[in-house]
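# Observations on the model geometry
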Amino acid sequence: MMVTASGKPVRGEYWPCCNWTPHNDNILNSKVFNVKDSTIADFWQSKEMDKIRSMMLEGKPIAGCKACYDEERNGTASLRQQENNGWNRHKDLPNIQDTITQWQETGVCPEPVSMDINFSSLCNLKCRMCFSGLSSELAKEQKQIIDKEGWDINDELLRFQTDDLEIIDHGNNNSLMMELYDMFKSMKRIYLKGGEPTLLQSMYNYLEYPVDQGNAKDIQIKFNTNMTNVQKRFIQLMDKFKKVDLTMSIDGIGAVQEYIRAPSKWRSIKKNIFNYIENNKKSDMMVSPCWQIYNVHYIYEHLSYFNYLNTIRQIEVTPIILDFPMHYRIDVLPYEVRQTAIDNIDKCFKLNIVKQPTLFRKLHTLKKILQDTKEHPQTIKHMEQFSTVTKLYDKYRDQSIENSLPELYKHVKKYF
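Residues numbered from 1 in each chain as written. Predicted model: local features only at pLDDT ≥ 70, side-chain atom pairs only at ≥ 80, totals over all residues. Heavy atoms only, no water.

## Notes on the pattern of salt bridges
Going through the model one piece at a time under the given rule, you end up with 25 salt bridges. Between E111 and K185 there is a salt bridge, and its shortest N-O distance comes to 3.9 Å. With a gap of 74 residues between them, E111 in the loop between helix 5 (96-106) and strand 3 (114-118) and K185 in the loop between helix 8 (174-182) and strand 4 (189-193) connect regions that are remote in the sequence. Judged by its relative accessible area of 39%, E111 falls in the partly exposed class. Judged by relative accessible area, which is 59%, K185 ranks as exposed. A salt bridge links K140 to E137, with the nearest nitrogen and oxygen atoms 2.8 Å apart. Note that K140 and E137 are positioned in helix 6 (residues 136-149) at a spacing of three residues, about one turn of the helix. Residue classification places E137 among the partly exposed residues on the basis of a relative accessible area of 28%. (Salt bridge = Lys/Arg side-chain N within 4 Å of Asp/Glu carboxyl O. Helix = DSSP H or I, 4+ residues; strand = E, 2+ residues; numbered from the N terminus. Buried < 20%, exposed > 50% of the residue type's maximum accessible area, 1.4 Å probe, protein only.)

Structure representation (structure tokens):
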């Protein structure tokens, strides 16, 4: 289950999982469950969630699960499949068949034991592929751009919403927090992300509660961070839990990272990675790059760096192939531009790190996308949008795609 900070009309919705695609959903959108008007229990025991459960068990497709279905069609393991396969390996988790039987017999689904929580949109970065509902800094920048350029540039490009200027901290919602604290008695896994959760005192308050209660030793934490704010107290807190999966959102090295995830500094990120490696021995570390047009020609350099780091500390690479917005998707690139990235991808298969099963499958999926001779029907439209939004951000950030991403630029410059 997921608690997110990005819903409308009230900012803060409940979703079935973090991979849910609300713009495709035709079940929950008929009754939006939000943190102001509904409790977690209201959502979890709702007839809408029961419908989703029933359709899952009957093997019927669910529109809100489109992201997973797309990955499965492309031949890679979706989050749905990974979770289903991983569940049986965790002996401390409830037997799934017992849970299904109990729900079918009683009509009441046992409390969730795994939860994704997005406390706030507070973030210190303004990643190009992100949107204002997940980054407070991006929301401020987009408002400044719109004020100067006009609202016409917002449609399909920036996706800015005025409400996103207000930074919501769900840690200040006492009724929600009381419910979340009470759920620690059944909770086994918690996935925290943002925004950038290391910036938020509410996140520390939330995780310190099970530490104080003596429950942390029974709880697995998955933590998503951009690695720009690795404080001593964060490293120490992560040591208190049964197991920690630290997922680093890093899309490139050097200028590529700084261009996509401004205003991050690669030198600082490297320092923070080594700080964490040296001071926390328990965590499982992962890096989750978002593969998109901006970094498709630089994946080998990115993987080479983490191939080197793997000689120091095991780090699993779990890529995401960007699905939205359309104008950043790799499959909207013209065929000849996609072809120029294949040699870069082929080199990746020679790296030891690609023996990791998830990364191996993702690379094969990516190569399949790049080799597809059938161009997207709206390639020209989306490439024009890509050019427009790229030049827009370059202007207001004093950046240059030509200087930061020269290998990409030489193949797409005709659109600029």
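## Examining the pairing of strand 4
Strand 4 sits mainly inside the fold: five of its five residues count as buried. Side-chain alternation along strand 4 places R189, Y191 and K193 on one buried face and I190 and L192 on a second face that is also buried. Examined bridge by bridge, strand 4 and strand 5 (residues 220-225) share four bridges and lie parallel to one another. Residue pairing across strands places L192 opposite F223, the latter belonging to strand 5. Handedness of the strand 4-helix 9 (residues 201-213)-strand 5 crossover: right-handed. (Pairing = 2+ DSSP bridges. Right-handed = clockwise from strand over helix to strand, strands pointing away.)

## Considering the environment of W291
Inspection of the secondary structure puts W291 in strand 8 (residues 290-291). For W291, a relative accessible area of 2% gives the class buried. A C-alpha to C-alpha distance of 6.8 Å links W291 and P319, two positions 28 residues apart in sequence. Discounting chain neighbours no more than four positions away, the residues touching W291 are I299, P319, I320, I321, L322, I330, L359, K362, L363 and L366. (Contact = heavy atoms within 4.5 Å.)

## A look at the packing of aromatic side chains
Per the stated rule, a full pass over the model turns up 21 aromatic pairs. Seen from their ring centres, F33 and F43 are 5.6 Å apart, and the 70 degrees between their planes marks the pair as edge-to-face. Pair noted here: F33 is in the loop between strand 2 (13-15) and helix 1 (40-44) and F43 is in helix 1, with a separation of 10 residues, a long-range link. Residue class for F33 comes out buried when judged on its relative accessible area of 4%. Here the aromatic rings of F184 and Y209 are separated by 5.8 Å at their centres, their planes lie at 25 degrees, and the arrangement is stacked. Placement of F184 in the loop between helix 8 and strand 4 and of Y209 in helix 9 is noted, with a sequence separation of 25 residues between them. On the accessibility criterion, F184 (4% relative accessible area) is buried. Ring pairs connect the aromatic residues Y259, Y294, Y328, F386, Y409 and F416, which therefore count as one cluster. The ring of Y259 carries the charged tip of R128 above its face, separated from the ring centre by 3.8 Å. Its guanidinium or amino end placed over the ring of Y191, K222 lies 4.8 Å from that ring's centre, counting from NZ or CZ. (Phe/Tyr/Trp six-rings, centres within 6.5 Å; stacked < 30°, edge-to-face > 60°. Lys NZ or Arg CZ within 6 Å of the ring centre and 35° of its normal.)

## A word on the nonpolar core
Within the largest apolar cluster, 113 residues are counted, with the highest numbers of intra-cluster contacts made by Y206, M248 and Y276. Residues in contact with Y276, not counting those within four places in the same chain, are M227, V230, F234, I235, M238, V244, L246, S283, M285 and R313. (Core = buried A, V, L, I, M, F, W, Y, C linked by side-chain atoms within 4.5 Å.)

## With respect to the confidence of the model for the protein chain
Put simply, the protein chain has an average pLDDT of 92, and 98% of its residues get 70 or more. Low pLDDT, under 50, characterises residues 5-10; the predicted model gives this stretch 22 contacts beyond four residues in sequence or across chains. (pLDDT = per-residue confidence, 0-100.)

## Focus: the side chain of D251
With respect to the helices, strands and loops of the structure, D251 is situated in the loop between strand 6 (243-248) and helix 11 (255-260). Side-chain polar atoms of D251 contact the backbone nitrogen of C290, separated by 2.7 Å. Among residues more than four places away in sequence, those in contact with D251 are M129, V256, Q257, I260, R261, S288, P289, C290, Q292, N295 and H302. (Polar contact = N/O pair within 3.5 Å; in protein donor to acceptor, adjacent residues only side chain to side chain.)

## Digging into the packing of helix 14 (residues 335-348) against helix 15 (residues 357-371)
Between helix 14 and helix 15, the shortest axis-to-axis distance is 8 Å and the interhelical angle comes to 155 degrees. Classed by the angle they form, the pair helix 14 and helix 15 counts as roughly antiparallel. Crossing of helix 14 over helix 15 shows left-handed handedness. Counted together, Y335, R338, Q339, A341, I342, I345, D346 and C348 of helix 14 and L363, L366, K367, I369, L370 and Q371 of helix 15 form the full contact between these two elements. Taken together, the residues of the contact of helix 14 with helix 15 break down into nine nonpolar, two polar and three charged. (Axes fitted to C-alpha atoms, helices over the stretch in contact; angles between N-to-C directions. Parallel < 35°, antiparallel > 145°, perpendicular 65-115°, else oblique. Left-handed = near helix turned anticlockwise from the far one by under 90°. Nonpolar A, V, L, I, M, F, W, Y, C, P; charged D, E, K, R; others polar.)

## A short note on the pairing of strand 5
Of all six residues in strand 5, five are buried; the element is thus mostly enclosed. By the bridge criterion, six bridges tie strand 5 to strand 6 in an arrangement that is parallel. Counted as the bridge partner of Q220 is K243 from strand 6. Handedness of the crossover joining strand 5 and strand 6 through helix 10 (residues 232-238) is recorded here as right-handed.

## Section: the environment of V412
Looking at the secondary structure, you find V412 in helix 18 (residues 406-412). Remark: the alpha-carbon pair of V412 and D164, spanning 248 residues in sequence, is separated by 32 Å. Apart from residues lying up to four places away in sequence, V412 is in contact with L333, V337 and M383.

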